[in-house]
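Here are the chains, one letter per residue:
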Amino acid sequence: MAKPIMARATAVWLVDNTTISFRQIADFVGMHELEVQGIADGDVAQGVKGFDPISNNQLTQEEIDAAQANPLHQLKLKFNAAAQGEEKRRGPRYTPLSKRQDRPASILWLVKFHPELSDGQIGKLVGTTKPTIQAIRERTHWNIQNIQPIDPVALGLCKQSELDAIVQKAAAKKAADAPVMSDDERRKLVSTEQSLGMETEPKIPTAIEGLETFTLSGKPVVEEEDARAGDFSDADSFFNLPDGAHDDDDDEDDDDPRR
């Protein structure tokens, strides 16, 4: 639904000059019902001059009369051909004069904490130009030594929802353009609890990797226990003595003078 221009000033005029309910006014101007009630109580929009929607071709008197007679009636914005396409206007947003000196601080904050944002996205978010963003990004701005990074939401240059939306869009684009990650890079993305719970994979140091089976002859090394192992399935094999032992015994028997 299209909203009137100068919504808050229009709400001030409707509160002061009609008996339309707060909810009807809030739905028409795009504000919260409690905010409209704050206008009526004098807590909100103090010093704001009312903007007559009838004389400015936004409402008709018949529409206001119908809303006053029926609390469920929804105010409808009068068709104004001159206002068509106003919401689709491109270019950097308007920044009030009182906040323009805060834009370099917000740009530095965005460049520092959200480097994935492009110059065009930052320009639309805080209402600045690409040369200014580039100068701050490259630290060639004339006042860079005195600029401190400040959140643009805290400065009132944008809404938190707008910042979150543009950051999510930039992150999604970066993820779509990023190359396929390796297994090691993927493991770095898990949480600390998950990484601590993973089993440690034994790895051979690179300096000695491949040398555990290296020999000069080119034959695989046989374990000493395996080389000495034999078939001890029966008693004869277990008590089998080397051949040299039998010869020594025979020689001793032949030299015995008692024989």
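Fair warning: this is a prediction, and the values are worked out from it, not measured in the lab.

Looking only at helices and strands, the protein chain features 14 helices and 0 strands. Going from N to C terminus, the protein chain has its helices and strands arranged as α-α-α-α-α-α-α-α-α-α-α-α-α-α. For the protein chain, with 259 residues in total, the buried portion stands at 24%. In the protein chain, 59% of the contacts between residues at least 6 apart in sequence involve partners at least 24 apart. Summed over its atoms, the accessible surface of the protein chain is roughly 19,500 Å², and 52% of this surface lies on carbon and sulfur atoms.

Following both chains from N to C, one finds helix α5 (residues 103-113) and helix α6 (residues 119-126) inclined at 140°, their axes separated by 11 Å at the closest point. It follows that α5 is oblique to α6 by the angle criterion. Considering the relative orientation of α5 and α6, their crossing is right-handed. In this structure, α5 contributes Arg103, Ser106, Ile107, Leu110 and Val111 to the contact, and α6 contributes Ile122, Leu125 and Val126.

Okay, the environment of Leu72 next. Assignment of secondary structure puts Leu72 in the loop between α4 (61-69) and α5. Overall, the relative accessible area of 76% leaves Leu72 in the exposed class. Leu72 sits 48 residues away from Gln24 along the chain, and the two C-alpha atoms are 7.6 Å apart.

A word on the nonpolar core. Ranked by internal contacts, the top residues of the largest apolar core, which has 21 residues, are Ile107, Leu110, Leu117, Ile122, Leu125, Val126 and Leu163. If you list the elements that add at least two residues to this core, you get α5, α6, α7 (130-137) and α9 (160-177). Take this core: its biggest share by element is 6 residues, from α5. The contacts of Leu163, once residues within four sequence positions are left out, are Trp109, Leu110, Leu125, Asp151, Val153 and Cys158. If you look at the next biggest cluster of nonpolar residues, it comprises 18 residues, including Ala11, Ile25, Phe28 and Leu75.

Before going further, it helps to examine the packing of α6 against α7. At a minimum axis separation of 9 Å, α6 and α7 run at an interaxial angle of 115°. Judged on the interaxial angle alone, α7 and α6 are roughly perpendicular. The hand of the α6/α7 crossing is right-handed. Residues Asp119, Gly120, Ile122 and Gly123 of α6 pack against Lys130, Ile133, Gln134 and Arg137 of α7. Partitioned by chemical class, the residues of the contact of α6 with α7 number 2 nonpolar, 3 polar and 3 charged.

It is worth spelling out helix α3 (residues 33-41) at this point. Of the positions making up α3, those classed as buried are Val36, Gly38 and Ile39. Down the axis of α3, the smallest arc covering the buried residues is 155°, so these residues share one side. When the buried face of α3 is taken as reference, the exposed residues oriented beyond 90 degrees from it are Leu34 and Asp41. Its buried side turned inward, α3 meets α1 (7-17) and α2 (22-29). Immediately beyond the C-terminal end of α3, within one or two residues, lies Gly42, with a positive phi of roughly 85°.

A few words on the side chain of His141. Residue placement: His141 occurs in the loop between α7 and α8 (152-155). Of the residues examined, His141 reaches a relative accessible area of 14% and is grouped as buried. In contact with His141, other than residues within four places in its own chain, are Ala135, Ile136 and Ile147.

This brings us to α1. Turning to α1, its buried residues are Ala9, Thr10, Ala11, Val12, Trp13, Leu14 and Val15. Residues of α1 that are buried in the fold lie against α2, α3 and α4.

About the thresholds
- Residues numbered from 1 in each chain as written.
- Predicted model: local features only at pLDDT ≥ 70, side-chain atom pairs only at ≥ 80, totals over all residues.
- Heavy atoms only, no water.
- Helix = DSSP H or I, 4+ residues; strand = E, 2+ residues; numbered from the N terminus.
- Buried < 20%, exposed > 50% of the residue type's maximum accessible area, 1.4 Å probe, protein only.
- Contact = heavy atoms within 4.5 Å.
- Areas by Shrake-Rupley, 256 points an atom, 1.4 Å probe, with all protein chains shown as cover.
- Axes fitted to C-alpha atoms, helices over the stretch in contact; angles between N-to-C directions.
- Parallel < 35°, antiparallel > 145°, perpendicular 65-115°, else oblique.
- Left-handed = near helix turned anticlockwise from the far one by under 90°.
- Core = buried A, V, L, I, M, F, W, Y, C linked by side-chain atoms within 4.5 Å.
- Nonpolar A, V, L, I, M, F, W, Y, C, P; charged D, E, K, R; others polar.
- Arc of directions from axis to C-beta.

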